[in-house]
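This is what each chain is made of:
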Amino acid sequence: MTDIAPLRVFVQSLTAVLDRTEDQETVLEEGGRLLKELISGDDWLPDCFAKPNPERYSQYLLHADPYGRFSVVSFVWGPGQTTPLHDHRVWGLIGILRGKEREERFTRSEGGGFRLEEEEVLGVGHVGPLRPGDADYHRVSNALDDAPSVSIHVYGANIGAVTRATYDIETGEEKQFISGYSSDVVPICGILRNDTNHDF
Ligand SMILES: [Fe+2]
């Protein structure tokens, strides 16, 4: 059985940060450090939350804070899979666990569409922030054409229930969406049987 202890430690530690502060930059800085620690190992994510779907990229919920302050999601891209240009509308952190991802960051152009501002290939161990506002628009794809890539995302809300939007790059046309999740189960982040003393 996969030992999800690192995920449990991450959830507990980020919960403690959010109990202490709501300041976005502090959360991104301290949460970023915690996420870096989480993705420094690659043996804690159960296989069913890292499984590619040949039809489309997958987003598996790993934990939703009971007060809706954050959620943790594993994103899995098969070869050649990509998101549309989209926004988030809440703070976020992206950490690359396996493979390589291409992130293209866009800004609104004067003609009503979007302009590519930066493009970066992110490798294992990379952690980067998302901030709602002018810099909240990106498109993400698997940079590998022969293997899946997996990243761990953290958002400042239950992201699967947030109304946000995809955009046409040329025209800027906005389409609202609520992503939901690719799975209807989550790993057990509470006390596991093998954490307890069975001598009773
Ligand atoms: Fe995104």
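So, unusual backbone geometry
Even without a glycine there, the phi angle at R89 is positive, about 70°. Turning to its location among the elements, R89 is positioned in the loop between strand 3 (85-86) and strand 4 (92-98). Residue R89 is classed as partly exposed on the basis of its relative accessible area, which comes to 35%.

A word on the nonpolar core
Counting 27 residues, the largest nonpolar core has L45 and I152 as its most contacted members. Among the secondary structure elements, those contributing two or more residues to this core are helix 1 (5-20), helix 2 (24-38), strand 1 (58-64), strand 2 (71-77), strand 4 and strand 9 (149-155). Looking at this core, the element that brings in the most residues is helix 1, giving six residues. Excluding anything up to four places from it in sequence, L45 contacts T2, A50, L62, S74, L97, R98, V150 and I152.

A closer look at helix 2
Taking 1.5 Å of rise per residue, 15 residues should cover 21 Å, and helix 2 covers 20 Å from first to last C-alpha, within 8% of that figure. Where helix 2 is concerned, the buried positions are V27, L28, G31, G32, L35 and L38. Buried residues in helix 2 make contact with helix 1, strand 4, strand 7 (127-130) and strand 9.

Side note on the coordination of the iron ion
Taken together, H86 (NE2), H88 (NE2) and H138 (NE2) make up the protein donors of the iron ion, found 2.1 Å from the metal. Between the donor residues of the iron ion, the gaps in sequence give the motif H-x1-H-x49-H. Taken together, the residues H86 in strand 3 and H138 in strand 8 (residues 137-142) connect sequence positions 52 residues apart.

About the criteria used
Residues numbered from 1 in each chain as written. Predicted model: local features only at pLDDT ≥ 70, side-chain atom pairs only at ≥ 80, totals over all residues. Heavy atoms only, no water. Helix = DSSP H or I, 4+ residues; strand = E, 2+ residues; numbered from the N terminus. Buried < 20%, exposed > 50% of the residue type's maximum accessible area, 1.4 Å probe, protein only. Core = buried A, V, L, I, M, F, W, Y, C linked by side-chain atoms within 4.5 Å. Contact = heavy atoms within 4.5 Å. Expected span 1.5 Å × (residues − 1). Donors = N, O, S within 2.8 Å, 3.2 Å for Na, K, Ca; no water.

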